[in-house]
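# Results of the structural survey
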Amino acid sequence: PVIRETLGEFEKVFGRKYNLIEKYRTEDAETLLLTMGSFSQTAMEAVDQMRDEGQKVGLVRIRLWRPFPFADFREAVKGAKVLAVLDRAVSLGGPVGPVVSEIKSALYPLQDRPFVQSFVGGLGGRDIYPDHFKYMVKRAVELSKKKDIVEYEMIGVRE
């Protein structure tokens with residue numbers, strides 16, 4: 001509640017509104033990209049390109065990590081069939097990246113939840129381009145149809 005109150009005060013002073021979870025072109029989206037931080041602008045460009053091609057794709061951006069806004073997040077992804085999550089880190093010894101672990105935990109109690117595919121990119125400061133996001137969407141949808149379990153895929157790194 002304190003964070004929401006502070007965001008409201010910020011909006012009054014500066015005229016700019018921030019939400020805990022931001023949505024971009026999510027209306028009627030069947031597939032959502034999920035990002036945090038600086039990659040979100042690039043993801044928006046990819047969403048615009050895919051929308052221009054007729055794909056039902058949107059973006060959900062997490063702006064607050066702790067305390068995690070479970071209810072806001074669940075509402076933001078409601079109705080999506082596929083969720084492609086980009087992490088910028090790998091949790092060594094853990095299941096995958098920290099963001100996708102949190103996302104899967106947030107969705108676990110829901111009966112109707114999207115298929116979640118994890119991608120890890122931007123390691124070592126590498127750039128992620130709109131084509132990378134387009135690949136993530138295509139790959140996540142492909143895996144969801146096959147019901148394949150691929151723990152995560154690396155994006156933008158040499159093999």
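Above this note sits the structure.
We now turn to the structure provided with this report. Small disclaimer: the values here were computed from a predicted structure and weren't measured.

Let us look at the overall build of the protein. Per the secondary structure count, the protein includes five helices and six strands. The helix and strand sequence of the protein, counted from the amino end, reads α-β-β-α-β-α-β-α-β-α-β. In terms of C-alpha radius of gyration, the protein reaches 16 Å, essentially the compact-globule figure of 15 Å for 159 residues. Taken over 159 residues, the protein has a buried fraction of 40%.

Turning next to the packing of aromatic side chains. Evaluated as defined, the whole model comprises five aromatic pairs. Ring centres 4.7 Å apart and planes at 40° place the aromatic pair Phe10 and Phe14 in the tilted group. With Phe10 and Phe14 both in helix α1 (residues 2–14) and four residues apart, the pair spans about one turn of that helix. Between Trp65 and Phe68, the ring centres sit 6.0 Å apart and the planes meet at 90°, which makes this aromatic pair edge-to-face. With relative accessibility at 25%, the residue Trp65 sits in the partly exposed group.

Note that Pro67 resides in the loop between β3 (57–62) and α3 (70–77). Taking relative accessible area as the criterion, Pro67 reaches 55% and is therefore assigned exposed. The spatial distance from the C-alpha of Pro67 to the C-alpha of Gly54 is 36 Å, given a sequence separation of 13 residues.

In this section: the pairing of strand β5 (residues 115–121). The element β5 is largely enclosed, with a buried count of six among its seven residues. Relative to β5, strand β4 (residues 82–87) runs parallel, the two being bridged by six bridges. Bridge pairing links Asp87 to Val120 in β5. This β-α-β element, β4 to helix α4 (residues 98–107) to β5, shows right-handed connectivity. As judged from the three bridges shared by β5 and strand β6 (residues 153–155), these two strands associate in the parallel manner.

Ranked by size, the top nonpolar core spans 20 residues in total, and within it Leu34, Phe73, Leu83, Val85 and Ile103 carry the most contacts. Mapped onto this core, the elements with two or more residues apiece are β2 (31–36), β3, α3, β4 and α4. By residue number, the principal contributor to this core is α4, which donates five residues. Leaving out residues up to four positions away in the same chain, Phe73 has contacts with Ile21, Leu34, Phe68, Leu83, Ile103, Ala106 and Leu107. One finds Ala46, Met50, Val57 and Ala84 within the second-largest nonpolar core, a separate group that totals 19 residues.

Checked against the element boundaries, Ser101 lands in helix α4. A C-alpha to C-alpha distance of 9.0 Å links Ser101 and Ser118, two positions 17 residues apart in sequence. Ignoring anything within four residues of it in the chain, the contact list for Ser101 reads Pro95 and Val96.

Thresholds applied
Residues numbered from 1 in each chain as written. Predicted model: local features only at pLDDT ≥ 70, side-chain atom pairs only at ≥ 80, totals over all residues. Heavy atoms only, no water. Helix = DSSP H or I, 4+ residues; strand = E, 2+ residues; numbered from the N terminus. Rg over C-alpha atoms; globule rule 2.2 N^0.38 Å. Buried < 20%, exposed > 50% of the residue type's maximum accessible area, 1.4 Å probe, protein only. Phe/Tyr/Trp six-rings, centres within 6.5 Å; stacked < 30°, edge-to-face > 60°. Pairing = 2+ DSSP bridges. Right-handed = clockwise from strand over helix to strand, strands pointing away. Core = buried A, V, L, I, M, F, W, Y, C linked by side-chain atoms within 4.5 Å. Contact = heavy atoms within 4.5 Å.

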